[in-house]
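# Architecture and fold: a report
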Number of protein chains: 2
Amino acid sequence: MTTVHSTLDRMIDRLITQRVALGWAAGCVAGTPGLVMEIGLGKGRTYDHLRSLFPPRDILVFDMWARVPTALRPDEDRLLLGDFRDTLPAAAELFRGAVRLAHADIGSAQEDDEDGIRQWIGGLIEPFLAQGALVLSDRPIGAGRHGWEALDVPGTERWAYHGWRVG
Amino acid sequence: MTTVHSTLDRMIDRLITQRVALGWAAGCVAGTPGLVMEIGLGKGRTYDHLRSLFPPRDILVFDMWARVPTALRPDEDRLLLGDFRDTLPAAAELFRGAVRLAHADIGSAQEDDEDGIRQWIGGLIEPFLAQGALVLSDRPIGAGRHGWEALDVPGTERWAYHGWRVG
């Protein structure tokens, strides 16, 4: 037997970290009001998990496309499709200060765009956040951002995830 | 907290079952000669895991396409692209009786085709198998097949996997 860390191993690490981090986030915001925000629908896995963790909360979903089965497609008035740089500022007018938890799994975005997204996505999320809201991301999108207090996210021994308490 | 089993939960179950089942299969065939055969490259995750488990064995890979990063692309002479009903019979002429372990994860194939594949894929794999070879699949492709002895595959409490010793 060998200790090579395969693509299968890494995918398991990534998904288990997501599950642990999302469960932790659910605990952090328990008993507080506010929406959940999912930046990136992707295959709909973490959106579906957020639905299972937060049945009483509305979930706003942003992505370029919704390439998911019908059962994983958010309601039309909660699904905002297009470039984040257009959809986030537009939706911020409607949902300013209304979000309790924002989750941004951007690691699966085009590698070329990643550094770019990492720099500006935090600024586009911030207007949505209620006082003391939680932001969770696979990338350090809150690093160096004023008023974003970095938190220790559990379950990140094998895959990176980052959390911030904002404001 | 709720007990809903989300899409994220199910994907974790699937990948962990694959990892446990592949590790078990590696133990079953340890010390015996023969090739490994991967029916379906998909995203290359289990192929990469097979590479990590079987560094001394050649791995024959069959799929319609190879939509994977270069690092996960098999060598050209081990990669057989096209409809399984064409590529398997053609390759069986070259590799008759040479395979020790065949892995067929066909659950991600088009749902419409699944019942079809389940019926005929076992017959197309069989000519490749060495005496006493192992077949592992997420679907019961060996059910009712003469000379295929069903085995108990460990790690299948949350996701189905099936194994057979053939001949």
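Residues numbered from 1 in each chain as written. Chains lettered and ligands numbered in written order. Predicted model: local features only at pLDDT ≥ 70, side-chain atom pairs only at ≥ 80, totals over all residues. Heavy atoms only, no water.

The name given to chain A in an unreviewed UniProt entry is S-adenosyl-L-methionine methyltransferase, and the organism recorded there is Azospirillum baldaniorum.

## Details of the nonpolar core
In this structure, Phe 54, Leu 101 and Leu 136 of chain A together with Phe 54, Leu 101 and Leu 136 of chain B are the most contacted members of the largest nonpolar core, which totals 53 residues. Considering every element that reaches this core, the biggest residue donor is helix H1 (residues 7-29) of chain B, with 10 residues. Setting aside residues up to four positions removed in sequence, Leu 136 of chain A forms contacts with Ala 21, Leu 22, Trp 24, Ala 25, Leu 101, Ala 102, His 103, Ala 104, Val 153, Tyr 161, His 162 and Gly 163 of chain A. Within the second largest apolar cluster, 26 residues are counted, among which are Ala 102, Ile 117, Ile 125 and Ile 141 of chain A. (Core = buried A, V, L, I, M, F, W, Y, C linked by side-chain atoms within 4.5 Å. Buried < 20%, exposed > 50% of the residue type's maximum accessible area, 1.4 Å probe, protein only. Helix = DSSP H or I, 4+ residues; strand = E, 2+ residues; numbered from the N terminus. Contact = heavy atoms within 4.5 Å.)

## Description of the relation of the copies chain A and chain B
Superposing chain A onto chain B takes a rotation of 180° plus a shift of 0.0 Å along the axis, which leaves an RMSD of 0.0 Å. Put plainly, the chains are arranged around a two-fold axis. In terms of proximity to the rotation axis, the leading residue of chain A is Ile 12 of chain A, whose C-alpha is 3.2 Å off the axis. Interface overlap between copies is the fraction of interface residues in one copy that are interface residues in the other; for chain A against chain B it reaches 100%, indicating a shared surface. (Least-squares fit on C-alpha atoms with pLDDT ≥ 70 in both.)

## Here's the deal with the interface of chain A and chain B
Tallying the contact residues gives 23 residues for chain A and 23 residues for chain B. The interface formed by chain A and chain B contains 2 salt bridges. The salt bridge partner of Arg 19 of chain B is Asp 9 of chain A, with a shortest N-O separation of 2.7 Å. Every element with two or more residues in the side of chain A that touches chain B is listed here: helix H1 (7-29) and helix H2 (45-53) of chain A. Looking at the side of chain A that touches chain B, the element that brings in the most residues is H1 of chain A, giving 12 residues. Grouping the amino acids of the side of chain A that touches chain B by side-chain chemistry returns 10 nonpolar, 7 polar and 6 charged. (Salt bridge = Lys/Arg side-chain N within 4 Å of Asp/Glu carboxyl O. Nonpolar A, V, L, I, M, F, W, Y, C, P; charged D, E, K, R; others polar.)

## Looking at the sheet that holds strand E4 (residues 99-104) of chain B
Residues and elements named next belong to chain B. Read across the open sheet, the 7 strands follow the order E3-E2-E1-E4-E5-E7-E6; overall the sheet is mixed. In the strand order of this sheet, the two ends are held by strand E3 (79-81) and strand E6 (148-151), each with one partner. Across the sheet, the axes of successive neighbouring strands diverge by a mean angle of 20°, strand direction being ignored. With 5 bridges joining them, strand E1 (residues 35-39) and E4 adopt parallel strand pairing. The residue of E4 that forms the bridge with Ile 39 is Ala 104. Helix-sheet contacts for H1 involve E4, strand E5 (129-137), E6 and strand E7 (162-166), and the interaxial angle to E5 is about 170°. Packing of helix H3 (residues 84-92) onto the sheet brings it into contact with E1, strand E2 (59-63) and E3, and relative to E2 it is tilted by some 155°. (Pairing = 2+ DSSP bridges. Axes fitted to C-alpha atoms, helices over the stretch in contact; angles between N-to-C directions.)

## Digging into H1 of chain B
Residues and elements named next belong to chain B. End to end, H1 covers 33 Å across 23 residues, agreeing with the expected 33 Å (1.5 Å per residue, within 8%). For H1, the buried fraction is high: 17 of the 23 residues fall into the buried class. Measuring from the backbone nitrogen of Leu 8 back to the side-chain oxygen at the start of H1 gives 3.2 Å, which picks out Ser 6 as the cap. Positive phi appears at Gly 31, one or two residues downstream of H1, with a value of about 80°. (Expected span 1.5 Å × (residues − 1). Polar contact = N/O pair within 3.5 Å; in protein donor to acceptor, adjacent residues only side chain to side chain.)

## Examining the side chain of Asp 105 of chain A
All names here are of chain A. Summarising the element assignment, Asp 105 is placed in the loop between strand E4 (99-104) and helix H4 (111-125). A distance of 2.8 Å separates polar atoms of two side chains, one belonging to Asp 105 and the other to Arg 14. There is a polar contact of 2.9 Å between the side chain of Asp 105 and the side chain of Gln 18. The residues contacting Asp 105, other than those within four sequence positions of it, are Arg 14, Gln 18, Ile 39, Asp 138 and Tyr 161.

## Remarks on the sheet that holds strand E3 (residues 79-81) of chain A
Residues and elements named next belong to chain A. Reading across from one edge, E3-E2-E1-E4-E5-E7-E6 is the order of the 7 strands in this open sheet, with mixed pairing throughout. The strands lining the two open edges of the sheet, one partner per strand, are E3 and strand E6 (148-151). Neighbour-to-neighbour, the strand axes of the sheet open up by a mean angle of 20°, direction not taken into account. Where strand E5 (residues 129-137) and strand E7 (residues 162-166) come together, 5 bridges link them in antiparallel fashion. Looking across to E7, one finds that Ser 137 is bridged to His 162.

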